[in-house]
Amino acid sequence: MNIFKKTIISVLASLFIIGNVYADKIKIGTEGAYPPWNSKDASGKLIGFEVELAWTLCRYIGQQCEIVEQDWDGMIPALLMRKFDVIMAGMSITDERLKVINFSQGYADEVASLAVMKGSSLEGMNTPEGINLTLGGSSVKKALKTIESALAGKTVCVQTATIHQNFLESGDVGSVNVRTYKTQDEVNLDLASGRCDVALAAAVAFTDYAEKSGKPVVLVGPTFSGGAFGNGVGVGIRKGGSGAIGERDAKLLNDFNKAINLARKNGDISRIATKWFGFDASM
Amino acid sequence: MDFELMINSFPRLLSATIITLKLLSMSLFFGLFIGLFFAVMRMSKNIIINKFAYGYSYVFRGTPLLVQIFIIYFGFGQIEFIRNSILWVILKEPYWCAIIAFALNTGAYTSEILRSAFQTIKKGYIEAGKSLGISSKIIFYKIQIPIAIKQSLPAYGNEIILMLKGTSLASTVTLMDLTGVAKYIISTTFKPIEVFIVAGSIYLFMTFLIHNLIKFLERRYNY
């Protein structure tokens, strides 16, 4: 067999093998486009709160890890198809997602907020500073009513498949004209261009954008938590099935919960959170 | 396989197909005029006009449609000058941005298809007409145009099918076309295979219809 044939055969063979080799490295899926949770630096390297936290947790678990990039809208399907083992992508723990996957305990929490460009008619909306949808009560109801009338007839932009989209479509603020984008970057671009009247995302996603781009993006209305906004951000893990692979998934959940406990106790989570968010977003 | 989801998502995908068909027909309509215009320019003896038309088709056929739609949607939206101009009324809407990108893209391909169709008409046909004393206007309408249509039909049919699939990129600029709604359903059910099979089947069925329509027309123009 000549060398040319050999090369072709080994290249073809490797195509089939790469997908199948079961390496006992924990593969962590992240988006790399949701600063400061996870993003990329100028050279394309993954950085951010969750990237640093992931390395810390892996050290506590005592296993090698690899961080894999995945588009946000395919994150859960990719996990279910075993493209990676766990999700750490600023994914909030919600009832809807818990139907499909498991979550570790939460490691961080961050409030959501509406944002507009300076000079918008929505500025100076008269609402409390923050509302918790789980607590409810008359002040929350009143605030939601105020928001409902403020958003009427406006184009509200969100990233697709997020808690923010769920909230806008939940009916809590009436029927809203929602426009969805693949990434938060695109939401920011269209907010700045004026195609979006108002946008909804993690408050820090807007402040981060305003700081980096110098665009006059301002937060309006209350900060949101609870209800459709979930119970903090945790590590997404497949529900353990039967057999060796199922057991591995169950073990992963256990390992991550333990590692988060340790990291919290040793102050790692709040230290890393403060470094990336500018405040302690750990929980 | 979740067959219930497939059945439940079908009506929603079908109503999204209307947007896809609207995008397709609008861009083909404008694209045909753009194509005809540039095909005529390509046949011009004037070197500047000729090279301009050549440059247009070179640029639009040489860059990905996704890049073109991103430049028109996100790119132009960043330019203050455009945002303050009357153009913004149109460019503000994702729907029109998509149609502009699609029409310019299909226009470039159409111009090449039409140009080659006109250029492959054998001189003999025209000379035969002339020797019978038919005026050149009638030769154009009764000989050149029918032959050009017949020549370009197979290639143009291909272009329609390519454009149909190209409209799926409209979902990248927030439009809820067939692909956009499919992605939306997946984002709430987390089941991509089922939904994409249904969406893919709808695309396949539309391709089937277009293919047969072109075949029918080819037979009609077959002398």
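Please provide a residue-by-residue account of the overall build of chain A, values included.
In terms of helices and strands, chain A carries ten helices and 13 strands. In summary, chain A has a C-alpha radius of gyration of 21 Å against a globular reference of 19 Å for 283 residues, a match within 12%. Principal-axis analysis of the C-alpha atoms places the extent of chain A at approximately 75 × 45 × 35 Å. Burial statistics for chain A: of 283 residues in total, 44% are counted as buried. A fraction of 70% describes how many contacts in chain A between residues 6 or more apart in sequence connect residues 24 or more apart.

Give me the packing of helix H8 (residues 136–166) of chain B against helix H10 (residues 192–220) of chain B: which residues, what numbers.
To characterise two packed helices, one gives the angle between the axes of the helices and the distance between these axes. Residues and elements named next belong to chain B. Two numbers describe how H8 lies on H10: the axes approach to 10 Å, and their chain directions differ by 165°. Taken together, the axes of H8 and H10 lie roughly antiparallel to each other. The interaxial crossing formed by H8 with H10 has right-handed handedness. In this structure, H8 uses Leu 153, Pro 154, Gly 157, Ile 160, Ile 161, Leu 164 and Lys 165 to contact H10, whose residues at the interface are Tyr 203, Met 206, Thr 207, Ile 210, His 211, Ile 214, Leu 217 and Glu 218. Residue composition of the contact of H8 with H10, by class: ten nonpolar, three polar and two charged.

Now, about the environment of A:Ile101: what can you tell me, with residues and values included?
All names here are of chain A. Looking at the secondary structure, you find Ile 101 in the loop between helix H4 (95–98) and strand E6 (102–108). With 20 C-beta atoms counted inside 10 Å, the residue Ile 101 sits in the buried group. Separated by 22 residues in the primary sequence, Ile 101 and Leu 79 have C-alpha atoms spaced 8.9 Å apart. Once residues lying within four places of it in the same chain are set aside, the contact partners of Ile 101 are Ile 76, Leu 79, Gly 236, Ile 237, Arg 238 and Lys 239.

Describe the interface of chain A and chain B, with residues and values.
Counting residues at the interface gives 16 residues for chain A and twelve residues for chain B. Secondary-structure elements contributing two or more residues to the side of chain A that touches chain B are helix H3 (75–80), strand E10 (177–181) and helix H7 (184–193) of chain A. The residue makeup of the side of chain A that touches chain B, split by class, is seven nonpolar, four polar and five charged.

So what's going on with the sheet that holds strand E5 (residues 86–87) of chain A? Residues and values would help.
Residues and elements named next belong to chain A. Strand order in the open sheet made by the five strands is E4-E1-E5-E13-E6, with mixed pairing throughout. Across the chains shown, the open sheet's two edge strands, defined by having one partner strand only, are strand E4 (65–69) and E6. Relative to E5, strand E1 (residues 26–30) runs parallel, the two sharing two bridges. By the bridge assignment for E5, Gly 29 is matched with Ile 87.

Run through the confidence of the model for chain B, naming residues and quoting values.
All names here are of chain B. Model confidence for chain B is summarised by a mean pLDDT of 93, while 100% of its residues fall at 70 or above. No element of chain B has a lower mean pLDDT than helix H4 (residues 80–83), which averages 90, and none a higher one than helix H2 (residues 47–62), which averages 96. Interface predicted TM-score (ipTM) for the complex: 0.83; the corresponding pTM is 0.86.

An account of the packing of helix H2 (residues 49–61) of chain A against helix H9 (residues 243–265) of chain A is needed here, citing residue identities and associated values.
All names here are of chain A. The contact between H2 and H9 brings their axes to 9 Å, and the two run at 105°. Considered as vectors, H2 and H9 are oriented roughly perpendicular to each other. Only Asp 255, Phe 256, Ala 259, Ile 260, Leu 262 and Ala 263 of H9 make contact with H2, whose side of the interface consists of Thr 56, Leu 57, Tyr 60 and Ile 61. Grouping the amino acids of the contact of H2 with H9 by side-chain chemistry returns eight nonpolar, one polar and one charged.

Can you explain helix H10 (residues 268–277) of chain A? Please cite residues and give values.
Think of an α-helix as turning once every 3.6 residues; residues three or four places apart then point the same way. Residues and elements named next belong to chain A. Among the residues making up H10, those that are buried are Asp 268, Ile 269, Ile 272, Ala 273 and Trp 276. In an axial view of H10, the angular spread of the buried residues amounts to 120°, which keeps them on one side of the axis. Residues of H10 that are buried make contact with H2, E6 and H9. Remark: Gly 278 follows H10 within two positions and exhibits a positive phi of approximately 85°.

Summarise unusual backbone geometry; cite the residues concerned and give the values.
Along the chain, A:Pro35 connects to A:Pro36 via a cis peptide bond; the corresponding omega equals 0°. Its identity is not glycine, yet A:Arg82 carries a phi of approximately 65°, on the positive side. As for its position among the elements, A:Arg82 is in the loop between H3 and E5. Despite not being glycine, B:Thr174 has its phi angle at roughly 70°, a positive value. Within the element layout of this structure, B:Thr174 appears in the loop between H8 and helix H9 (178–189). Assessed through the 25 C-beta atoms surrounding it within 10 Å, B:Thr174 is described here as buried.

Rules used in this analysis
Residues numbered from 1 in each chain as written. Chains lettered and ligands numbered in written order. Predicted model: local features only at pLDDT ≥ 70, side-chain atom pairs only at ≥ 80, totals over all residues. Helix = DSSP H or I, 4+ residues; strand = E, 2+ residues; numbered from the N terminus. Rg over C-alpha atoms; globule rule 2.2 N^0.38 Å. Buried ≥ 20, exposed ≤ 12 C-beta atoms within 10 Å, placed from the backbone. Contact = placed C-beta atoms within 7 Å. Axes fitted to C-alpha atoms, helices over the stretch in contact; angles between N-to-C directions. Parallel < 35°, antiparallel > 145°, perpendicular 65-115°, else oblique. Left-handed = near helix turned anticlockwise from the far one by under 90°. Nonpolar A, V, L, I, M, F, W, Y, C, P; charged D, E, K, R; others polar. Pairing = 2+ DSSP bridges. pLDDT = per-residue confidence, 0-100. Arc of directions from axis to C-beta.

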